[in-house]
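# Analysis of the macromolecular model
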Amino acid sequence: LDHLRTRPDWGRTSVVVTADHGEAFGEHGYRFHGFGLHEHQLRVPLVVRVPEVPPRRVDAPVSLVDIAPTLLGLAGIEPPPEMTLRGVSLLDALVGAPLPERVLYAETPRGPYNPPRSALVDWPLKLLYDAEGDRHQLFDLEVDPGEQADLYRKRPEPALRMRGRLRRFWAESMQAVEPQSVQ
């Protein structure tokens with residue numbers, strides 16, 4: 001950043017800093033990353049610096065899928081109609097507009113050491129699904145950010161609603177993407 005500040009184009013340079021995953025240091029029985037979808041593995045820094053936009057904190061949950069539409073918006077590029085972007089641009093939020101309320105999704109695919117897992121966040125509730133044993137957990141992230149108190153059996157109405165929403169998401173949204181060759 002110090003080097004960028006010395007450049008003549010700093011006044012029109014945007015910077016995005018993020019990470020693709022968090023780490024586990026024994027929380028929920030996990031070590032390293034890629035095995036679970038608890039907050040310590042999903043929450044990552046997302047810092048966006050846009051020239052002439054005062055710094056502010058956006059508290060609404062966002063997703064890494066929001067980065068591509070945000071970068072395209074910063075560049076003034078409309079995505080082509082055949083490009084399906086699941087995220088939303090964060091540009092309006094950076095200048096103070098509220099983000100649309102939406103459900104966020106995360107997953108870990110089947111790997112050599114773990115079963116497929118999915119998470120659905122409908123703030124403040126978060127549903128975790130572990131395919132091994134068809135196990136669901138429900139957490140209220142506002143009162144339990146460490147995800148210690150499973151509410152799945154204690155709050156059946158939101159648990160079943162979110163479970164149905166997760167199943168619909170799989171049925172409607174999970175489509176294979178054909179590889180494209182680069183010319």
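Residue positions within a chain follow its written sequence, with the count starting from 1. Local features in a predicted model are, by the rule used here, given only for residues with pLDDT of at least 70; side-chain atom pairs are given and counted only at 80 or more, and totals for whole chains, interfaces and linings are based on all residues. Heavy atoms from the whole structure form the basis of all side-chain values; hydrogens and water molecules are not counted.

A word on the overall build of the protein. In terms of helices and strands, the protein carries five helices and eight strands. Counting helices and strands in the order they occur from the N terminus, the protein gives α-β-β-β-α-β-α-α-β-β-β-β-α. Exposure categories follow from relative accessible area, calculated using a 1.4 Å probe and restricted to protein chains: below 20% of the type maximum is buried, above 50% is exposed, and the middle band is partly exposed. Classification of the 183 residues of the protein by burial places 31% in the buried group. Taking the contacts inside the protein whose residues are at least 6 apart along the sequence as the reference set, 45% of them involve residues at least 24 apart. We get accessible surface area from the Shrake-Rupley algorithm with a probe of 1.4 Å; when it comes to residues, only the shown protein chains can shield them. Entry remark: accessible area of the protein is about 12,400 Å², with carbon and sulfur atoms responsible for 55%. Only DSSP runs of H or I covering at least 4 residues are called helices, and only runs of E covering at least 2 are called strands; the numbering of each starts at the N terminus. Note on definitions: a residue-residue contact is assigned when non-hydrogen atoms from the two residues lie within 4.5 Å.

As a per-residue measure, pLDDT reflects the predictor's confidence and takes values from 0 up to 100. On average, residues of the protein score 87 in pLDDT, and 87% of them are at 70 or above. Across the protein, strand β8 (residues 135–140) holds the top mean pLDDT of 97, while strand β3 (residues 31–32) sits lowest at 60.

Bringing the nonpolar core into the picture now. With ten residues, the main nonpolar core is built from L120, L125, L127, Y129, L138, L151, Y152, A159, M162 and L166. Only β7 (125–130) and α5 (156–173) provide two or more residues apiece to this core. Among all residues touching L127, those that are not within four sequence positions of it are S118, A119, L120, H136, Q137, L138, Y152, M162, R163 and L166. We call a set of buried residues a nonpolar core when its members are Ala, Val, Leu, Ile, Met, Phe, Trp, Tyr or Cys and they connect through side-chain atoms within 4.5 Å of each other.

So, about the sheet that holds strand β6 (residues 117–122). Taking strand neighbours across the sheet as the criterion, the four strands line up as β5-β6-β7-β8 in an open arrangement whose pairing is antiparallel. Across the chains shown, the open sheet's two edge strands, defined by having one partner strand only, are β5 (104–108) and β8. For this sheet the average axis-to-axis angle between neighbouring strands, irrespective of direction, equals 15°. In terms of strand pairing, β6 meets β7 through six bridges, oriented antiparallel. Among the inter-strand pairings, R117 is bridged to a residue of β7, identified as D130. Note on pairing: two strands pair once DSSP finds at least 2 bridges between them. For every element, the axis is a line fit to its C-alpha atoms; helices are fit only across the contacting stretch, and the angle between N-to-C directions ranges from 0 to 180 degrees.

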